[in-house]
Amino acid sequence: MQFFLDTGDLNEIKTAHSWGLIDGVTTNPSIVAKTGKDQMTLIREICEIIDGPISAEVIALDAPGMLKEAAELAKINKNVVIKLPMTKDGMIACKKLSADGVKTNVTLIFSANQALLAAKNGATYVSPFIGRLDDVGQTGMDLIAEIRTIFNNYGFETQILAASVRHSEHVKMSALAGADVATIPLKVLEGLFSHPLTKMGLDQFLADHAKSKK
Ligand code: G3P
């Protein structure tokens with residue numbers, strides 16, 4: 001399973017990268033806005049740190065506008081993945097970019113049928129937002145399992161990128177359901193290291209070691 005970091009904070013990216021655990025990065029317009037930078041600058045800076053897929057989202061709502069933005073973003077680095085919304089125009093752009101060999105990430109996926117459409121049009125990734133489904137009283141994890149079954153049934157190579165990951169249970173359940181990638185905030189990634197018994201065990205080992213030296 002691959003881990004992407006879901007952030008535009010360069011210090012967070014450097015920290016997670018130093019642990020050797022990050023395969024790529026995802027951004028969206030809200031994440032970019034938080035950094036106060038323009039998207040092109042931010043994506044360029046991220047590409048200097050991480051040599052892996054970096055998702056950058058288009059703003060245009062029409063397919064020609066999306067393709068124009070995609071062309072600019074793709075020029076930054078071979079690792080840039082064009083994030084497209086799950087709309088009719090997004091699907092037109094997805095088909096064209098896939099045919100041109102440009103990697104795509106279809107975002108704002110909330111149903112298995114939406115994921116099926118994106119896979120049919122050659123998306124590299126689909127991003128089901130599991131936390132936001134949980135927020136409205138649905139079970140986000142069920143969506144990951146449904147998409148996994150559909151993609152397996154038809155041999156789609158589109159990768160399932162679990163997004164809107166809010167806690168460590170989401171990571172574990174995504175892995176169990178067969179998501180190819182989880183995009184994770186740094187805080188959630190840090191939480192994966194911890195277990196109280198690990199801490200207690202280490203404290204005990206160190207205490208015993210200190211005694212044995214006397
Ligand atoms: O990058 C998209 C996604 O991960 C957003 O997460 O927490 O804003 O629902 P969240």
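Reading the values: rules and limits
Residues numbered from 1 in each chain as written. Predicted model: local features only at pLDDT ≥ 70, side-chain atom pairs only at ≥ 80, totals over all residues. Heavy atoms only, no water. Near = heavy atom within 4 Å. Polar contact = N/O pair within 3.5 Å; in protein donor to acceptor, adjacent residues only side chain to side chain. Areas by Shrake-Rupley, 256 points an atom, 1.4 Å probe, with all protein chains shown as cover. Nonpolar A, V, L, I, M, F, W, Y, C, P; charged D, E, K, R; others polar. Helix = DSSP H or I, 4+ residues; strand = E, 2+ residues; numbered from the N terminus. Buried < 20%, exposed > 50% of the residue type's maximum accessible area, 1.4 Å probe, protein only. Contact = heavy atoms within 4.5 Å. Disulfide = S-S within 2.5 Å. Patch = residues over 30% accessible without salt bridge, like charges linked within 9 Å, V, L, I, M, F, W, Y side chains within 5 Å. Salt bridge = Lys/Arg side-chain N within 4 Å of Asp/Glu carboxyl O. Arc of directions from axis to C-beta.

Novice: Run through the site of the ligand, naming residues and quoting values.
Specialist: For the ligand, the full set of nearby residues is Asp6, Asn28, Lys83, Phe129, Arg132, Ala163, Ser164 and Arg166. A distance of 2.5 Å separates an oxygen atom of the ligand from a polar atom in the side chain of Asp6. At a separation of 2.6 Å, an oxygen atom of the ligand approaches a polar side-chain atom of Arg132. Here the ligand has 310 Å² of accessible area as a free molecule, and 82% of this is covered by the chains. Taken together, the residues that form the shell around the ligand break down as 2 nonpolar, 2 polar and 4 charged.

Novice: Hey, could you go over the side chain of Thr158 for me, with residue numbers and the actual values?
Specialist: Checked against the element boundaries, Thr158 lands in the loop between helix H8 (140-154) and strand S7 (159-162). By relative accessible area, which is 5% here, Thr158 ends up buried. A distance of 2.7 Å separates the side chain of Thr158 from the backbone oxygen of Ala123, its partner in a polar contact. The residues touching Thr158, leaving out its near neighbours within four places in the chain, are Ala119, Ala123, Thr124, Tyr125, Val126, Phe151 and Asp180.

Novice: Requested: an account of the state of the cysteines, with residues and values cited.
Specialist: Throughout the structure, instances matching the rule amount to 0 disulfides. Cysteine Cys47 shares no disulfide, and the gap to the nearest cysteine sulfur, in Cys94, comes to 20 Å. The class of Cys94 is buried, set by a relative accessible area of 0%.

Novice: Hey, could you go over the side chain of His170 for me, with residue numbers and the actual values?
Specialist: Looking at the secondary structure, you find His170 in helix H9 (residues 168-177). Note on His170: relative accessible area 5%, which makes it buried. Other than its neighbours up to four places away in sequence, His170 contacts Ile130, Gly131, Asp134, Met141, Ser164 and Val165.

Novice: Give me a nonpolar patch on the surface: which residues, what numbers.
Specialist: A cluster of nonpolar residues, Trp19, Leu21 and Phe193, forms a patch on the protein surface that exposes about 270 Å² of accessible area. Turning to its location among the elements, Trp19 is positioned in the loop between helix H1 (10-18) and strand S2 (24-26). Take Trp19: its relative accessible area is 32%, and that puts it in the partly exposed class.

Novice: Report on the environment of Glu12, specifying residues and quantitative values.
Specialist: Topologically, Glu12 is positioned in helix H1. The spacing of Glu12 and Ile43 is 31 residues in sequence and 14 Å in space, taken between C-alpha atoms. In this view, Glu12 contacts Leu5, Thr7 and Leu186; residues no more than four positions away in its chain are not counted.

Novice: Break down H1 for me, with residues and values.
Specialist: Given 3.6 residues per turn, any residue in an α-helix points the same way as the ones three and four places further on. If you check which residues of H1 are buried, you get Leu10, Ile13 and Ala16. Buried residues of H1, viewed axially, fall in a sector of 130°; they line one side. Away from the buried face of H1 by more than 90 degrees, exposed residues Asn11 and Ser18 are located. Buried residues belonging to H1 abut strand S1 (2-6), S2, helix H3 (39-49) and helix H10 (186-191). A positive phi of about 75° marks Gly20, the residue just after H1.

Bear in mind that shape data such as this cannot, by itself, settle questions of function.
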